[in-house]
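# Per-entry structural report
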Amino acid sequence: MRPLTNDEAALMPKLYRRRKFGASHLLEANLLEGFPQDRLDVLRKALERLKVDQILQKKASKHGPAVSIPPFISRELYLELRKFYSWLPKPPWR
């Protein structure tokens with residue numbers, strides 16, 4: 001897994017803390033909710049980069065596009081997110 005940018009790392013804690021791994025997903029609209037309006041374009045581009053690099057899986061749902069974290073990168077992602085968020089809770093596999 002490649003290192004995350006600040007914008008990409010800003011999106012990941014919401015997915016990680018809600019345990020959106022594998023089949024469990026979160027709508028993109030809900031993921032971007034709560035961020036300032038002037039940063040939404042930058043965060044949408046970061047979200048697209050995460051999907052292209054397969055750090056996030058995309059899923060179509062009847063309510064709109066959704067994303068989740070692939071289970072096979074969960075450990076690497078935890079280590080990468082700890083660089084940005086030292087308060088991140090321990091993962092369930094420890």
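Residues numbered from 1 in each chain as written. Predicted model: local features only at pLDDT ≥ 70, side-chain atom pairs only at ≥ 80, totals over all residues. Heavy atoms only, no water.

### Points about the environment of Leu88
The condition is simple: Think of it this way: any DSSP run of H or I at least four residues long counts as a helix, any run of E at least two long counts as a strand, and we number them from the N terminus. Burial classification: accessible surface area is computed with a 1.4 Å probe over protein chains only, and a residue below 20% of its type maximum counts as buried, one above 50% as exposed, and the rest as partly exposed. Whether two residues touch is decided by their heavy atoms; if any such pair falls within 4.5 Å, the residues are in contact.
Locating Leu88 in the fold gives a position in the segment after helix 4 (74–84). Accessibility expressed as a relative area gives 3% for Leu88, which makes it buried. Expressed as a C-alpha distance, the spacing of Leu88 and Tyr78, which sit 10 residues apart in the sequence, is 8.4 Å. The residues contacting Leu88, other than those within four sequence positions of it, are Tyr16, Arg17, Tyr78, Leu81 and Arg82.

### Topic: the pattern of salt bridges
Threshold: What makes a salt bridge here is a side-chain nitrogen of Lys or Arg within 4 Å of a carboxyl oxygen of Asp or Glu, nothing more.
One pass over the structure, following the stated rule, counts eight salt bridges. The salt bridge involving Lys51 is made with Glu28; its shortest N-O contact spans 2.6 Å. On the criterion of sequence distance, the pair formed by Lys51 in helix 3 (residues 40–52) and Glu28 in helix 2 (residues 28–32) is long-range, its members being 23 residues apart. Of the two residues, Lys51 and Glu28, both sit in the buried class. We note a salt bridge from Glu80 to Lys83, for which the minimum N-O separation is 3.2 Å. Residue Glu80 and its partner Lys83 are both found in helix 4; the two are separated by three residues, about one turn of the helix. On the basis of relative accessible area, Glu80 is assigned to the buried category, the value being 9%. Of the residues examined, Lys83 reaches a relative accessible area of 63% and is grouped as exposed.

### Section: the packing of aromatic side chains
Filter applied, for reference: Note on aromatic pairs: the rings of Phe, Tyr and Trp (six-membered ring only in Trp) are paired at centre separations within 6.5 Å, and the planes decide the class, stacked below 30 degrees, edge-to-face beyond 60, tilted for the rest.
Tallying each qualifying case throughout the model produces four aromatic pairs. Measuring from ring centre to ring centre gives 6.1 Å for Tyr16 and Tyr78, while their planes differ by 25°; the resulting arrangement is stacked. Of the two residues, Tyr16 sits in helix 1 (residues 6–17) while Tyr78 sits in helix 4, which places them 62 residues apart along the sequence. For the pair shown, Tyr16 and Tyr78 are each scored as buried. Aromatic ring contacts, followed pair by pair, group Tyr16, Phe21 and Tyr78 into a single cluster.

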